[in-house]
Amino acid sequence: MQQRHGLVRRSIATLAGLMSGALTAVIELLFVLLSALILVPVIATPRARRSTEAFVHRCARQLAAMEQRRLATFHTVQDLGPYSDRSAYVYILRRWAIGGLGGLVVLLLMFGLVVAGTMVSAWALNGPWGFIESAGRVSTATLLVASIPGALLLYLNVMGLLGVVDLDARLARRYLVPSVEETLTRRISELTVSRAEVIEVVNDERRRIERDLHDGVQQRLVALGLLLSRARRTRDPAQATELVRQAHEESELALADLRDVAWRVYPTVLDQLGLRDVIAVLAERSSIPVRLSYDLPDRPPPGIETAAYFVISEALTNATKHSNATHIDVTLTSTPPATAQPELTTSGDATQDRKDAFILVTVTDDGQGGADPHGRGLTGLAGRVAASDGHLTITSPPGGPTTIHAELPCP
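Residues numbered from 1 in each chain as written. Predicted model: local features only at pLDDT ≥ 70, side-chain atom pairs only at ≥ 80, totals over all residues. Heavy atoms only, no water.

1. Here's the deal with the packing of helix α3 (residues 85–125) against helix α4 (residues 140–176)
The geometry of α3 relative to α4 is characterised by a closest axis approach of 9 Å and an angle of 165° between their N-to-C directions. Considered as vectors, α3 and α4 are oriented roughly antiparallel to each other. α4 is crossed by α3, and the crossing has left-handed handedness. Of the residues that constitute the contact of α3 with α4, the class distribution is 22 nonpolar, 5 polar and 3 charged. (Axes fitted to C-alpha atoms, helices over the stretch in contact; angles between N-to-C directions. Helix = DSSP H or I, 4+ residues; strand = E, 2+ residues; numbered from the N terminus. Parallel < 35°, antiparallel > 145°, perpendicular 65-115°, else oblique. Left-handed = near helix turned anticlockwise from the far one by under 90°. Nonpolar A, V, L, I, M, F, W, Y, C, P; charged D, E, K, R; others polar.)

In structure tokens:
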């Protein structure tokens, strides 16, 4: 029963998609004619031609986006984009003919169903077939003979409908899905930007480490040296004991500062304990109460684990310094593997679908908001996430709350 209902829903969706595609084909044909009238007069003037072409291509992109939504809604074609304005224009130039063909096939189906319905009703009611009273009546033998070519024509019509749908989807994938060369070019650009961002992040980390060592550990070591020097020169045993005690406290503080610096560089316990325990330590050490929700079924790969750690660590640090928040929520979840954007293979020109899960890291505080996504700290964090092929989203309206959301692919 469920399969039957599913088949009926798919059939209705296919017919609705073809009929709506026929209507959009009329709009696209008018657009093609108008764009030709607009472009022909400016062919000889390069400056006007470029601006006019840009305008026409932008309009074509809107039509292509409409077709993309139609294909996704009625024909479950989800893997379109990104595409350029010119690709959208070339697609619209060719698509209107397919839409018209689909409308014609739907009309033929409706005509055949009307003819078959009138014949069956005339046979059932033993009345004349058609609108003329003197027309002959339909006998059972006539109905059976007519049903054979009728069934064949119905089969051919249904195959035509499916063929138009397939042709429509193929044309969309031909022009609205980037080619291998375009994908490689975009990937190279992304890698170039990511490399520059990673270099900037590394330089920022080096500057911060130098600043922490200079302002923290180095100052405490200087104080430690002065205390020990005074203890060595004094002749009062009680004063020497007090100075040694102070030196011991300074040494412990220096070790704590050095441990903090090492944690900011890379927590080695992350390899030993895993992300859950290290994040729990971060939550315990935070001056703002942290509520942690960890829902990862398996331990992530080391690179993704490190990226998730730094997202949470940087978010907690920023919230502590700037947000005036009273509590912070940290959530780690994962999505099941699903078909993602096409991934280039290392051999051949074909592409294959990458079926990756995603680790979702969300840090939300109830502070005053107004965080600058283009600030040095958050920009560096975005570069670190991008280097892992992830995506970082920062939402921080004035008045709060501030939410940092990272999506990290986990093969």
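From this point, the narrative continues.
2. Comments concerning the pairing of strand β5 (residues 402–410)
Strand direction decides the pairing type here: strand β4 (residues 391–395) and β5, joined by 5 bridges, are antiparallel. In the strand pairing of β5, I394 is matched with I404. If you look at the hairpin formed by β4 and β5, you'll find 6 residues sitting between the two strands, and G399 has a positive phi there, around 95°. (Pairing = 2+ DSSP bridges.)

3. Overview of the confidence of the model for the chain
With 87% of its residues at a pLDDT of 70 or more, the chain has an overall mean of 81. When the criterion is pLDDT under 50, residues 339–354 qualifies, and its contacts beyond four places in sequence or with other chains add up to 22 contacts. (pLDDT = per-residue confidence, 0-100. Contact = heavy atoms within 4.5 Å.)

4. Structural notes on the environment of L316
Summarising the element assignment, L316 is placed in helix α9 (residues 302–323). Its relative accessible area of 7% is what places L316 among the buried residues. In the structure, L316 is positioned 14 residues away from V330 in sequence and 9.2 Å away in space, judged by C-alpha atoms. Not counting chain neighbours up to four residues away, the residues in contact with L316 comprise L282, V290, I328 and V330. (Buried < 20%, exposed > 50% of the residue type's maximum accessible area, 1.4 Å probe, protein only.)

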